[in-house]
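Notes for the structure review
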Amino acid sequence: MGALSGWIDDFLAGTLVIVAVFAVALVMSVVWGLAGAAGKLFGPRWLKAVIRVYVTVFRGTPELLVLLIFYFGAAVTLTGIAKIFDPDVKFVDIPPFWAGALAISMVAGAYLTEIFRGAFLGADPGTIDSAKALGLKPLQVFFLVRFPQMWRIALPGFGNQAISLIKDTALISVVGLEEVMFTADMAISVTQEPFTMYIAVAFIYLALTSLVSFALRRAEARANRYRTAG
Amino acid sequence: MGLDLGLILDSLPRLLDGIGITLAILFASLAGGLAIGTLVCAALHAKGLVLPRLARAYVTFFRGTPALVQLFVVYYGLAQFEFVRESPLWILLRDPFWCCVLTFSMNSGAYNAEIMRGALSGVPSGPLEAARAMGMRRWPCFRTITLPLALRLGLPPYGNEAVSMLKTTALASTVTLMDLTGVARTLVAQTYAPYEIFISAAIVYLAMAWVIEQGIGGLERRVGRWAE
């Protein structure tokens, strides 16, 4: 394990890249999930059909394949567009960071669509009716009555998706994102110790997923703080 | 820049060549995952302090790290040790196919152990206490009461796990295997038509996921046929 000592800085830099992709993808996936859930709950029939296809496709396709479609697809499309303006252009691509964040967030967004929709419907209808009867405006009903209940129902599923997202960031190394897998590859070419380096990567991910699941347990405890037993 | 339908039709037969390896990895890993899951679940419930803690650490590690990293540790990592290279198991461990099966089985085993633990703890205690009170011994009790009830609770999450395992097999393409994704990546490198080929591959995965869901759904109806 002594071989690791010279690479701590590089692994730390790679870890920051993972955290950055994760943060961007998490925000994006919440946007897709909220939009999908809203569309499925209140949208016209055609929009519901579109969202159903989105959810089915992105839940049933391997994350790696989604990533490859986004990265190479965007590259071909952008190169085609660039050639219209400048025929000498050989190859244009979007950075692996953004292609990757978009791809893994679209997958998580498909799961979150169903999680958020279920949470919206899971709010006790009696409390909604009472709030309306008391004369609360629709926005007040949503933020004061429905949202606190949704939060409680959606948190466990949301937490699982957040942990999946962290693990999915490892895939983006396949299209050239310079994160911890890339650091490990560099370190291996020098030290010839693949086991040491990949195990180090595994423990970095384990630390990140443990941190997130700890934070989620705290959030769940907070969401349920006014609940009586049962 | 429309989709080239002819290219999709041409690439489908070649993509279908990759399905064999994808299915072989999938079924071997599901079988291995069930075996490992059963052992780890038994260890989680074992008496004493050491075994349950080891099992808990196993589950935490395999659920908390990416399958891609686990695969690289096994396929590229183990070769670092001379005793591995000189052991008789090296014939299997230098073969990317068996590395995938080993890694995915261990990964699936961790998830299965949790599914089994959850299903067992969800079995109501009433019928069990009644049977014990009537003098049934532990094993018949487990086999005829706990197991069927736990199966009914565990099948829905197991269906999700099986679909998730299908998606995990796509990682085989990162260790040189020519599974469905591997063939697709080679075809894209040759034709430079990522949309047509990757989307065709995605459709094949969707079809396979659908078959798995239908199969598990049928099983669920069968084990649930006495439920009110």
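Refer to the structure presented above.
Let me begin by describing the structure that accompanies this report.

Conventions used here
- Residues numbered from 1 in each chain as written.
- Chains lettered and ligands numbered in written order.
- Predicted model: local features only at pLDDT ≥ 70, side-chain atom pairs only at ≥ 80, totals over all residues.
- Helix = DSSP H or I, 4+ residues; strand = E, 2+ residues; numbered from the N terminus.
- Buried ≥ 20, exposed ≤ 12 C-beta atoms within 10 Å, placed from the backbone.
- Contact = placed C-beta atoms within 7 Å.
- Nonpolar A, V, L, I, M, F, W, Y, C, P; charged D, E, K, R; others polar.
- Axes fitted to C-alpha atoms, helices over the stretch in contact; angles between N-to-C directions.
- Parallel < 35°, antiparallel > 145°, perpendicular 65-115°, else oblique.
- Left-handed = near helix turned anticlockwise from the far one by under 90°.
- Core = buried A, V, L, I, M, F, W, Y, C linked by C-beta atoms within 7 Å.
- Expected span 1.5 Å × (residues − 1).

Let's shift gears to the overall build of chain B. The helix and strand inventory of chain B stands at 10 helices and zero strands. In chain B, the succession of helices and strands from N to C terminus is α-α-α-α-α-α-α-α-α-α. With the C-alpha coordinates of chain B rotated into their principal frame, the extents come out at 70 × 50 × 25 Å. Considering chain B as a whole, with its 228 residues, one finds that 37% of them fall into the buried category. Contacts in chain B between residues far apart in sequence, at least 24 positions, make up 77% of those at least 6 positions apart.

Buried accessible area, meaning the area lost when the parts come together, often serves as the stated size of an interface. Facing the 33 residues of chain B at the interface are 28 residues of chain A. When contributions to the side of chain B that touches chain A are tallied by element, the ones reaching two or more residues are helix H2 (50-64), helix H3 (67-77), helix H9 (180-191) and helix H10 (194-223) of chain B. Looking at the side of chain B that touches chain A element by element, the count peaks at nine residues for H10 of chain B. For the side of chain B that touches chain A, a count of residues per class yields 24 nonpolar, seven polar and two charged.

Here we come to the packing of helix H1 (residues 8-42) of chain A against helix H2 (residues 45-60) of chain A. Residue and element names in this part refer to chain A. Following both chains from N to C, one finds H1 and H2 inclined at 135 degrees, their axes separated by 8 Å at the closest point. Considering their axes alone, H1 and H2 lie oblique with respect to each other. Regarding H1 and H2, the two cross each other, and that crossing is left-handed. Note on element contacts: H2 touches H1 through Leu47, Lys48, Ile51, Tyr54 and Val55, opposite Gly36, Gly39 and Lys40.

Right, let's get into the nonpolar core. In this structure, Leu65, Leu67 and Val201 of chain A are the most contacted members of the largest nonpolar core, which totals 113 residues. Of all the elements, helix H4 (residues 96-122) of chain A adds the most residues to this core, at 15 residues. Residue contacts for Val201 of chain A: discarding those within four places in its chain leaves Val180, Met181 and Ala184 of chain A together with Val69 of chain B.

What is expected of a backbone is that most residues other than glycine have negative phi and most peptide bonds are trans. Backbone geometry at Gln192 of chain A places phi at a positive 60 degrees, although glycine is not the residue there. Here Gln192 of chain A lies in the loop between helix H7 (180-191) and helix H8 (194-223). The exposure class assigned to Gln192 of chain A is exposed, which follows from the 12 C-beta atoms found within 10 Å. Phi is positive for Tyr192 of chain B, which is not a glycine, with a value near 50 degrees. With respect to the helices, strands and loops of the structure, Tyr192 of chain B is situated in the loop between H9 and H10.

Moving on to helix H6 (residues 138-168) of chain A. All names here are of chain A. With 31 residues, H6 extends only 38 Å from end C-alpha to end C-alpha; this falls clearly short of the ideal 45 Å at 1.5 Å per step. Among all positions in H6, only Val145, Arg146, Met150, Arg152, Ala154, Phe158, Gln161, Ala162, Leu165, Ile166, Lys167 and Asp168 are buried. Considering only its buried residues, H6 is in contact with H1, helix H3 (63-85), H4, helix H5 (125-133) and H8.

Topologically, Gly122 of chain A is positioned in helix H4. It is 9.2 Å that separates the C-alpha atoms of Gly122 of chain A and Arg146 of chain A, two residues lying 24 residues apart in sequence.

The residue Leu16 of chain B is located in helix H1 (residues 5-44) in this model. Residues Leu16 of chain B and Ala201 of chain B, spaced 185 residues apart in sequence, show a C-alpha to C-alpha distance of 8.9 Å.

So, on to the packing of H3 of chain A against H10 of chain B. Relative to each other, H3 of chain A and H10 of chain B sit at 165 degrees, their axes nearing to 9 Å. Between H3 of chain A and H10 of chain B, the angle is such that the two are roughly antiparallel. Considering how the two elements wind past one another, H3 of chain A and H10 of chain B form a crossing that is left-handed. Across the interface between the two elements, Leu65, Leu68, Ile69, Phe72, Gly73 and Val76 of chain A from H3 of chain A touch Pro194, Tyr195, Phe198, Ile199, Ala201, Ala202 and Tyr205 of chain B from H10 of chain B. Here the residues of the contact of H3 of chain A with H10 of chain B are counted per class, giving 12 nonpolar, one polar and no charged.

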